[in-house]
Structure formats: C-alpha cells, structure tokens
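So you can see what is in the structure, the chains are spelled out below.
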Amino acid sequence: MSSPSVLSLLVACLTLSGCGEALHSQQPPPKWTTGFWLWQGSPARTVVLPAPLDVLYFQAGTIEGGDVYNRGWSVFANLPAELPSAREYWIVLRFGHQSVPDASIAEAVAKRASELRALAQLRHQWNVVGLQLDIDSPTRLLPEYAKFLGEVRKGLPPEIQISITALLDWFHDGTAVTEVINHVDEFVPQFYDVGKPNLYAGGPVVAARLDGATWGSVFNRFQKRFRIGVSSFGRALRVTGGRPEAMSPSYIYNDLAPVDVAGNPAFRLEVSKNAVDELVLTYRATREVSLGYNRFPPGEAIQFILPTSAEIRSATESARKIGGYCSGVIFFRWPSSSEILAMEPDEALAAAGVPPEVKKEPDSIEAIDGGCAAVKCVDIYLLDSTPLRPAPVRYRIHSSEQLEYFLPEGKIPIRMAGPSDLELSLPPYGGRRRMQLGRAVSATRSDFTVQEVK
C-alpha cells in the first residue's frame, strides 16, 4: 500500500495533467468503441483476448445510506486485484436504492474516485478516464439527481470525466433529464430490464429492442457522447399460472443453471425464442416435484432467458445506425468465474462484429487431490468449453490407472464403464463450465483425459 504522502502527491499531479471536456456540448465522437461492465461478486472470468478491450467499466464499490435504518452516508470502494486488459477504464459506483444519494456525500464520492484513479495508475498503469455513477433515480427525482451530479463535479479534477447509466423512462417528454445530462460528459442508456419495477410485465425478456430511428433523435439532441447498454447476460426465474400465456414470474434465482433442472425427469423442456431473439428454456413440471426447498405443482416452470448472437448482432447494428454522438455499445456483463448464464466475452464481441474470435480451449479434466491417506483419491471436474449445447452429449473419461471405485457427485449422470473409464451423459443445455463429477479412488496417482463420444 502506498504511503499517504505518495498518494497525495500523485493525486495532485493527476489533477494538474488534464484539461477536461466541455459540460454542455461536444464534437461527435471520432470512433466506435465496444466494451463491458464488470460487476462486483465472484472473480471475473479469465479470458485471453487477442487485443485489449476498447473500454471497461468496473464496479469499484457502492454509495450507502438513505435506508430504513437511517444510517449515515458513506462510500465503500476499492480496486479489484485484476481486470481484463482495456485501453480505457471507468470506475463505477452503484447506489442500490430507487432514490438519489444525499448531496452531503457528493464530496466523498469525488474524493474516493480521485484516490482510486491515482492508485490505479500507480499500481497497475490502468488508464482510468472517469467515474460512472449507476443510480436508478426515479424520474420525478431527476432535479435532485442533477444537483447531486453538480456537487460531484465540483469535487472532481477536470480531467476525470463523469458518466451515468440512464433509464429509458427519463427520456419521456416533460422530465428534467436535460438538467442531469448537462452535468455529465457521457450517458449510457440501458436497453435491458426495462420492465422494472414491474418485472417482466411484457413477457419473458431481459433485453429490450433498440429502434435506432426512434431513439437516435432522442439521444442525439443533447449533443453529448453516449453509448448504448446492451444485455449479454441471462436470468433464471420461476413462473406460475395456468396456460403458458397466463404465466407470470414470481421469483428470480441467482445461482440456478439449466443443468440443475435438465436431468430431472419430472420437468419437460420447451425451447423457444422471445421477441428480441433471446433463447428461452422453459422446464415445466409434469408432476409435483421438489427442487431444493421449492415445490412445483404440475404446470409451473423454471425459465431460463439466455442471450444469443442474433440478439447481440441486432442491437449492435441498430446502435451503429444511430450515428451522431453515439460512440459504441457496452455489454452487461463480463461473466464471473462460475457464471453460465452470461455470454462469453469473445462470443459477444464476435456477434458485435469485433474480430477475431478466440479459439476455444478443448474440454478437459481437472483433478484435485482429495487428501486420502491409504489410497490416492481425487475430485474430478469437467471443464466444458460449450456447456449450453442444444443437443445431448456423451463423454468418455479415461484414467491412466485402474480405479478402485468412483463416487458420483450428487445426481450427476456418470457411471463406471470399465476399470479405467467413466461415461458421462449430459442432456441438452445440461452442462457447466466447471462441473464437479465426483471422487475417483485408485491405488496410485492417475491422469485423466476426456473425449466426446460421437
């Protein structure tokens, strides 16, 4: 950690190094950029791309306060240990309430952003160009939001730009959105989860269709740089009701994957596409069944809504047609290390027309010592390069030594097919990128290989 004197000096030097951008109008952006948001949570997926990203917005922390407990206002934010390589970085601070932070915290927000920018350059040589505020202000509170942004601007050195995420509701006639945008260098309209807080009222969708002809004139009138927020993530939810058209969502699952349902014979898979070309996997209960702590009567379902290349391609093409001050698309989000419902970054970039596509690593087996004393035991994992295959797949896993026995993990469909072989059968969309298969026991150390059985 840097000493206070070194950090203070670096902040001061950075403050004097730039001239800033105009707050009101700009020249149209010189080039198109493509990037990602990276959100806090589990570690980010390690993906080696052939070139740095144009831009990466990374959530460094949150603004806290204004809750039912009447706690004071504060900012909690730190740099991640690692980030994907990018030419340009933005620090993101999130406020998690449907409100606006109190103006009293604006100075602390600006101070922490300046400190993090200095640390990013000192420790990692990251080119942090600005602060993005992710605040879902109700439309009626936009005048307050504008005042808050004005106070943040006062505390920032001129070379640190301000960006905001923007809800589409703000751009209706008669709102104070112009006051808000006057205080920022960039805004990013979000074309996903448009139905909040009345979640999914329009049906099973995450992404929102982008009509460039309609929205172009709305956004370009501010003469300010903007990028379009595009969905590249999926979601799992429980749907209830009678006929399919009458079903409504009642619960969102944050850690459920198709593999958790696909092998259960009490669910029937229905595959479809929604209005924006996302893939919809509906696992409908054919009889009463329990899944964890949840019971499903016949007819109720778990639904997975997944991004597709067609959806990404359509959104990007529509954004490009906007022209003017539109400077690119930002995908939400860069997946975490264990996430399966978000599209791989290289796939999203390829769908957006950013070559070249990264060559996928072949499927492989990871073996972790199980710590047994008298025998050699290992916990084996399948590293699956394409977990959401639309067809069933069989794997043959070979051990270099004969196995004494094998203990499957849970209800994984794997069995011994010989003294040195295991056979794994996965249903459509039934994989994970890293799937624990079970524990293998042998007299001596063994190496494992995997091959798909055609």
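Residues numbered from 1 in each chain as written. Predicted model: local features only at pLDDT ≥ 70, side-chain atom pairs only at ≥ 80, totals over all residues. Heavy atoms only, no water.

This brings us to the overall build of the chain. Secondary structure assignment for the chain yields eight helices and 24 strands. Looking at the 454 residues of the chain, the share that counts as buried comes to 51%. Excluding contacts between residues fewer than 6 apart, the proportion of contacts in the chain whose partners are at least 24 apart in sequence is 72%. Accessible surface, the chain as shown: approximately 21,300 Å² in total, 52% of it carbon and sulfur. (Helix = DSSP H or I, 4+ residues; strand = E, 2+ residues; numbered from the N terminus. Buried < 20%, exposed > 50% of the residue type's maximum accessible area, 1.4 Å probe, protein only. Contact = heavy atoms within 4.5 Å. Areas by Shrake-Rupley, 256 points an atom, 1.4 Å probe, with all protein chains shown as cover.)

Our focus in this paragraph is the nonpolar core. In this structure, Leu133, Tyr145, Phe148, Phe171 and Ile228 are the most contacted members of the largest nonpolar core, which totals 78 residues. Looking at which element gives the most residues to this core, the answer is helix H2 (residues 106-124), with seven residues. Listed in part, the 41 residues of the second largest apolar core include Val289, Leu424, Phe448 and Val450. (Core = buried A, V, L, I, M, F, W, Y, C linked by side-chain atoms within 4.5 Å.)

Now for the confidence of the model for the chain. The share of residues in the chain with pLDDT of 70 or more is 89%, and the mean pLDDT across the chain is 89. Every residue in residues 1-23 scores below 50 in pLDDT, and together they form 38 contacts with partners more than four places removed in sequence or on other chains. This model gives residues 196-202 a pLDDT under 50, and the stretch forms nine contacts once residues within four places in sequence are excluded. (pLDDT = per-residue confidence, 0-100.)

This part is about the pairing of strand E7 (residues 186-191). Taken across its six residues, E7 has six buried, putting it largely inside the fold. Where burial is concerned, the two faces of E7 agree: the one with Glu186, Val188 and Gln190 and the one with Phe187, Pro189 and Phe191 are both buried. Pairing of E7 with strand E8 (residues 225-231), which is carried by four bridges, proceeds in the parallel orientation. Bridged to Phe191 within E8 is Val230. (Pairing = 2+ DSSP bridges.)

Let's shift gears to the packing of aromatic side chains. Under the defined criterion, the tally for this structure stands at 27 aromatic pairs. Ring geometry for Phe36 versus Trp334: centroids 5.3 Å apart, planes at 85°, classification edge-to-face. Highlighted residues: Phe36 in strand E1 (residues 33-38) and Trp334 in the loop between strand E16 (326-332) and helix H8 (345-351), separated in sequence by 298 residues. Neither residue differs from the other here; Phe36 and Trp334 are each classed as buried. Three or more aromatic residues joined by ring pairs make a cluster, and in this case those are Trp37, Trp39, Tyr57, Trp90, Tyr192, Phe233 and Phe332. When the ring centre of Phe296 is taken as origin, the NZ or CZ atom of Arg238, which lies over that ring, is 4.1 Å away. Cation over ring: Arg434 sits above Tyr381, and NZ or CZ is 3.9 Å from the ring centre. (Phe/Tyr/Trp six-rings, centres within 6.5 Å; stacked < 30°, edge-to-face > 60°. Lys NZ or Arg CZ within 6 Å of the ring centre and 35° of its normal.)

Let us look at the sheet that holds strand E20 (residues 403-408). Strand order in this open sheet of four strands is E17-E18-E23-E20, and the pairing throughout is antiparallel. Both edges of this open sheet fall to strand E17 (364-369) and E20, since each of them pairs with a single strand only. With direction set aside, neighbouring strand axes in the sheet form an average angle of 30°. (Axes fitted to C-alpha atoms, helices over the stretch in contact; angles between N-to-C directions.)

Spatial strand order, E21-E22-E19-E24: four strands in an open sheet with antiparallel pairing. Either end of the sheet is taken by a strand with one partner, and the two such strands are strand E21 (414-418) and strand E24 (448-453). The average angle at which neighbouring strand axes cross in this sheet is 30°, direction not considered.

Before going further, it helps to spend a moment on the state of the cysteines. Evaluation of the coordinates by the stated rule reveals one disulfide. Cys372 shares a disulfide with Cys377; S-S distance 1.9 Å. Between Cys372 and Cys377, the disulfide has an S-S torsion of 100° and is therefore right-handed. Classification of Cys372 as partly exposed rests on a relative accessible area of 31%. Given the relative accessible area of 1%, Cys377 is considered buried. (Disulfide = S-S within 2.5 Å.)

What follows deals with the environment of Thr449. Relative to the helices and strands, Thr449 resides in strand E24. Sequence-distant contacts of Thr449, defined by excluding residues within four places in its chain, comprise Ile365, Arg396, Ile397 and His398.

In this section: the packing of H2 against helix H3 (residues 142-155). Geometrically, a packed helix pair is captured by the angle between its two axes and the distance between the axes. At a minimum axis separation of 8 Å, H2 and H3 run at an interaxial angle of 45°. In this view, H2 runs oblique relative to H3, as classed from their interaxial angle. Every pair of crossing elements has a handedness; the one defined by H2 and H3 is right-handed. Of H3, the residues touching H2 (which contributes Ala106, Val109 and Ala110) are Phe148, Glu151, Val152 and Gly155. (Parallel < 35°, antiparallel > 145°, perpendicular 65-115°, else oblique. Left-handed = near helix turned anticlockwise from the far one by under 90°.)

Turning our attention to the pattern of salt bridges. Applying the stated criterion across every chain yields a total of 30 salt bridges. In this structure, Glu159 and Arg117 form a salt bridge, with 3.6 Å as the shortest nitrogen-oxygen distance. You can see Glu159 sitting in the loop between H3 and strand E6 (161-166) and its partner Arg117 sitting in helix H2, a full 42 residues away along the chain. Owing to a relative accessible area of 10%, Glu159 belongs among the buried residues under this scheme. Among the ionic pairs, Arg268 bridges to Glu270, the shortest N-O distance being 2.8 Å. (Salt bridge = Lys/Arg side-chain N within 4 Å of Asp/Glu carboxyl O.)

What follows concerns the pairing of E6. Counting buried positions over the six residues of E6 gives six, a clear majority of the element. Side chains Gln161, Ser163 and Thr165 project from E6 onto one buried face, and the interleaved Ile162, Ile164 and Ala166 project onto a second face that is buried too. Summarising the sheet, strand E5 (residues 128-135) and E6 pair through four bridges and their orientation is parallel. Bridge pairing in E6 places Leu133 opposite Ile164. You can see the chain leave E5, run along H3 and come back into E6, and the turn it takes is right-handed. (Right-handed = clockwise from strand over helix to strand, strands pointing away.)

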